Amino acid sequence: MVNQIKQWIQVARRRHYIHPYLFIAPLVISFTIFRLYPSFQTLRYSFYQVELLKQKTTWIGMENFLALFEDEIFIRSFINTLKYCLYMVPISTVIGLVLAVFLNVKFRMSNFFKAICFSPYITSTVAAAMVWSWLYNPQFGLFNAVLKLLHLHPQSWLASSRQALMSVIIFSIWKIVGYNIIIFIAGLQTIPNVYYEAATIDGAGPFTRFFRITLPLLVPTTTFILIYNTILAFQVFDQVFVLTGGGPAHASTVVVMEIYQQAFLKYRFGYAAAMAVVLFVCILAITIVQYVISERREVVY
Amino acid sequence: MNKLFVVGKLLLTLAVVMVFTVGAAATETIVLWYPGGEITSVALLFHEKDLFSEFEVQNDCRVELVAQDYDFMQQKIFTALASQKAVPDILFIDQSWVPGFLKEDALDQVPEVDAAAWLEAVDPVVKQASDYGEGTMYCYPQYGADIYGLTWNKDYFAEAGLDPEIAPQTWEEFREYCVKTCKKDEAGNIIRVGYAIRHLGQPHGVVHKFLWALWSAGADLVTDPKALRGGKAAFNNEGGRKALQLVYDMLYTDKSTSLDFPDPRTAFLQGLASMQISETISIQTRQPTEAPNLKWGVAMPPVMEKGMTPATNYNPWVYAVPRTAQHKDLTWKAIKWINSKEKDYQFCVKYRMTPRYKENWDREPLVSDPYIVALRAMIPYAHPYPNNLGLNGIMEALGTAIQKVWHKEASVDEALNEAERLANKAIEEAAK
Amino acid sequence: MNRPVISKIVYVRRTFLYLIIAMGGILMILPFYWMIITSVSPVTDIVAFPPRWIPSHLTLEHYQAAFDSAPFGRYYLNSLIVALGSMGVSVLFGLLAGYAFVVYRFPLRNFFFLLVLSTLMVPFQVTSVSLYIMLAQIGWVDTYWGILAPNLGSALGMFLIRQSIKSIPIDLIEAARLDGASEIRIVFTIVAPIIKTALATVTLILFLGSWNDFLWPLIVINSPDLRTIPLGLSLFKDPYGGMNYGPLMAASVIATFPMLIAYVFSQKYVIEGIAITGLKG
């Protein structure tokens, strides 16, 4: 008996059946415990009313989701998130692309400037947002001081319901542009010079070269940037929390902020779970759409 | 490359070892959470490192004082309670949070004997704030901190030709004084507001600094302030509308104030505001260091019309104990100890606070200190917060309405209707 | 005769280029400059108008206040423990799993791979609520394990490592096996050194992500002893007062300083690494 088992083990070993499972085990196990299981739990909780302090869960079916449709604050946060996405993603992509094109030219300080542009990305969002909340201070902040020096009207920035969201967007653009620049530069460098040379010989000017060669060949890179920026935009939290806390009067609240509020400030876990599910579905949908559109536009020369 | 891996593995092991060795057990320790940061001049008390040392020696234990950020504190308390691990023993919190915790059945009751003794010995307003029905107490109110009053800058009054010793008495005077003491630069931008308003941040905070107007206009938060359950929102009426309209007019008709000075106390201390209404103790403690040359006065906030009763908030910080805390006997002992008559007197003298025990009012130097005397005159008009379990929802609804109106996002009627609907919903849900 | 004209155009273009880039660079770095300057300016300078670009004199009082108010040393330690822990675990698990997915053919290989990959799609916020409840039930809230928990299942490391393992010729591995090396030894002594660039990049990305993480530590940490730097920094938040900005900026400098210094020395490396991962993504 024992000998047979030993033989089996030897066979399994030779065919490398044990090792793979052993090697992927740590990752798969911890992933299942800490990622997979909670994901399904969230889906499950979204159909319950969860009262953690009283250790009670009650089945309520679709009630959470229906309540979401009537919840003005959630709707506001959803619209804000969309607005945030619609402003931040295109602007940061375009600025990233433009600066990348300029920085791609080999001049003496190009690496230095690349490093500078990338530095906001690596700083902690919380620390950077603290600095910006200081810059945005209506009385003493630098931005209003500069506006006053230029004889322009000082703005309320984070103190105004109208400007709060935009102020957060501006911060986020500042933060992510460096990353976009780096990725775009990498993408630009994959375009062989031959194409540009050939085009120049054919008499194409710089703008034509840009729109006919650079842009089309950059589609995969651009798609990646768009998708990445969009996912970031939908998941934004840190800067909203630090800069405005979602206010004033929910003017700048976003979906993740609401999830946090509902789950941890109002103790409504089931409701928050429902919001999380909605968020996931949106991100998934938008990512798929973006990916499909880009597949169609990809060009290979 | 091997070396790098060895180093990497060592670091990882080090990290793991640290994880396991951190958190050693100690003698019986009770943990007190208090809100750190600017907002809590009251919590000056907890900056004293040896605050509890006598108690610690007498009872062979340790009392650990932990600061939490005011903005996160409610959430932190909840997550601690929910995890049932590292539950703090003493919560030093805003009394307006208590109904929220009561709703979740999260607080322990003060031992009956102690409660009866306390209610017997303290001032009527403190008694009113401590009693949650038939002598039941869930917390001990700290005093002196949160009487709200109108403070004004005497120099700016004199500059505007107003009597620097007398505060505006009615809303009409208030508006007039605001216009006269506000200052603009050549471009027309306001550089000094007549009255600084709080409109940012947690809706609770916005409501705190608006209640004087609501109450002095005859409106209220709920119809029955003492009841834990039931009742309806009481602010969607003539009084509520007039209160909201007051500041709205100051902002957009008179243009004597602005949304760009969002921290009233700092603005006042910095000389950027002539008047503000908030906790008097904040100004009292900060002024000597932050604005040594400021001459200021304190009085009741103005009433809507002459002859009406003035009103102001009394929102104390309280000592509470979670129901799931571990060392409850020791904890209540500690709370009783720090709230004894003698300690009350000591702290009042040291921090210039108003006492809670009836007897301490008549002791020197409290009985002759002009600031304390002024507050003593105001205290009879102080309203505590309602006990309603849905208080959080009510404050949030009203706070949002206030913000919307002042930010011109909704009309007064719309905002108040919406707030009433949400507040009633919160009351209903809490009553279940 | 054409050359001088062309040079002129080129010259104008070049200046335009420099101008745009300089403006961009200044805008990028302005907040940092302001942060540092405010942290060493006396209060009178901070609230002065017109703004003082160079302080009248330097003061360290804000740093004093910052260190007095919060145990930054402890916060650093915590951030370090958490970052090292999560990075170490992710890299280790990722290396093993990446190797397995590339080198071996075994039943259900594709299934497991897609399963793990799907986590990249699900945003953290979706799992955070339930993860919190689960940790609360096993008593991991407010512990180091609790802070590490979400990172223990991260597939990002594995995905990036796998990409680079793919480029290793299988003959090398076969040769090592013939020499009698055990699989584990092959992973650590042969594969790892070959992909060390990718490993280093992954390490950096994971370390950075963990160091800057805010939402999860905010939710799961209660005791001040366990606070990581972003959390400790947020305690200074008092965005309304004009008086508190000195210590706040000092605290921000303290919080961002190590990463910025590390970045200055390794930036070329970091940028290249990020660029490569972006391309592959």
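Asker: Before we go on, may I ask you to explain the nonpolar core in this structure?
Answerer: Note that soluble globular proteins tend to have their nonpolar side chains buried in a common cluster. Judged by nonpolar contacts, the single largest core of 298 residues is most densely connected at Ile182(A), Ala276(A), Ala320(B), Ile394(B) and Leu398(B). Ranked by the residues each element gives to this core, the list is headed by helix H4 (residues 72-103) of chain C, at 17 residues. Among all residues touching Ala276(A), those that are not within four sequence positions of it are Thr42(A), Ile259(A), Gln125(C), Val126(C) and Val129(C). Among the nonpolar cores identified, the runner-up in size contains 6 residues, and Ile281(B), Phe347(B), Met353(B) and Leu366(B) belong to it.

Asker: It is not clear to me how the environment of Ile75(A) should be interpreted in this structure. Could you clarify?
Answerer: All names here are of chain A. Its place among the elements puts Ile-75 in helix H4 (residues 72-104). Judged by C-beta crowding, with 12 C-beta atoms within 10 Å, Ile-75 ranks as exposed. Spatially, the C-alpha atoms of Ile-75 and Val-254 are 9.4 Å apart, while their sequence positions differ by 179 residues.

Asker: What is the right way to read the pairing of strand S7 (residues 190-195) of chain B from this model?
Answerer: A regular strand carries its side chains on alternate faces of the sheet. Residues and elements named next belong to chain B. The pairing of strand S6 (residues 183-184) with S7 spans 2 bridges and is antiparallel. Bridge pairing in S7 places Lys-184 opposite Ile-190. Connecting S6 to the antiparallel partner S7 that follows it, the hairpin turn spans 5 residues, and Gly-188 within it adopts a positive phi of roughly 90°. Sheet topology places S7 next to strand S8 (residues 273-279); 2 bridges connect them, and they run parallel. Bridge pairing in S8 links Val-193 to Ala-273.

Asker: Is there a simple way to explain the interface of chain B and chain A in this structure?
Answerer: Often the size quoted for an interface is simply the accessible area lost on bringing the parts together. Between chain B and chain A, the residue contacts involve 23 residues of the former and 18 residues of the latter. Elements supplying a minimum of two residues to the side of chain B that touches chain A: helix H3 (70-83) and helix H17 (391-406) of chain B. In terms of residue count, the dominant contributor to the side of chain B that touches chain A is H3(B) (6 residues).

Asker: Where do I start with the interface of chain A and chain C in this structure?
Answerer: In this assembly, 75 residues from chain A lie in contact with 73 residues from chain C. Sort the elements by how many residues they give to the side of chain A that touches chain C and helix H2 (residues 18-45) of chain A lands first, with 18 residues.

Thresholds applied
- Per chain, residues are indexed from 1 in the order of the written sequence.
- Chain letters start at A and ligand numbers start at 1, both assigned in the order the entries are written.
- Thresholds applied to this predicted model are a pLDDT of at least 70 for local features of residues and 80 or more for the giving and counting of side-chain atom pairs; totals over whole chains, interfaces and linings are not thresholded and use all residues.
- Put simply, a nonpolar core is buried Ala, Val, Leu, Ile, Met, Phe, Trp, Tyr and Cys residues tied into one set by C-beta atoms within 7 Å.
- With C-beta atoms placed from the backbone, a residue is buried if 20 or more other C-beta atoms are within 10 Å of its own, exposed if 12 or fewer are, and partly exposed between those counts.
- Comment: elements are numbered from the N terminus, with helices defined as DSSP H or I runs of at least four residues and strands as E runs of at least two.
- For the purpose of contact definition, each residue receives a C-beta atom placed from its backbone, and two residues are in contact when these atoms lie within 7 Å.
- Two strands qualify as a pair provided DSSP detects at least 2 bridges between them.

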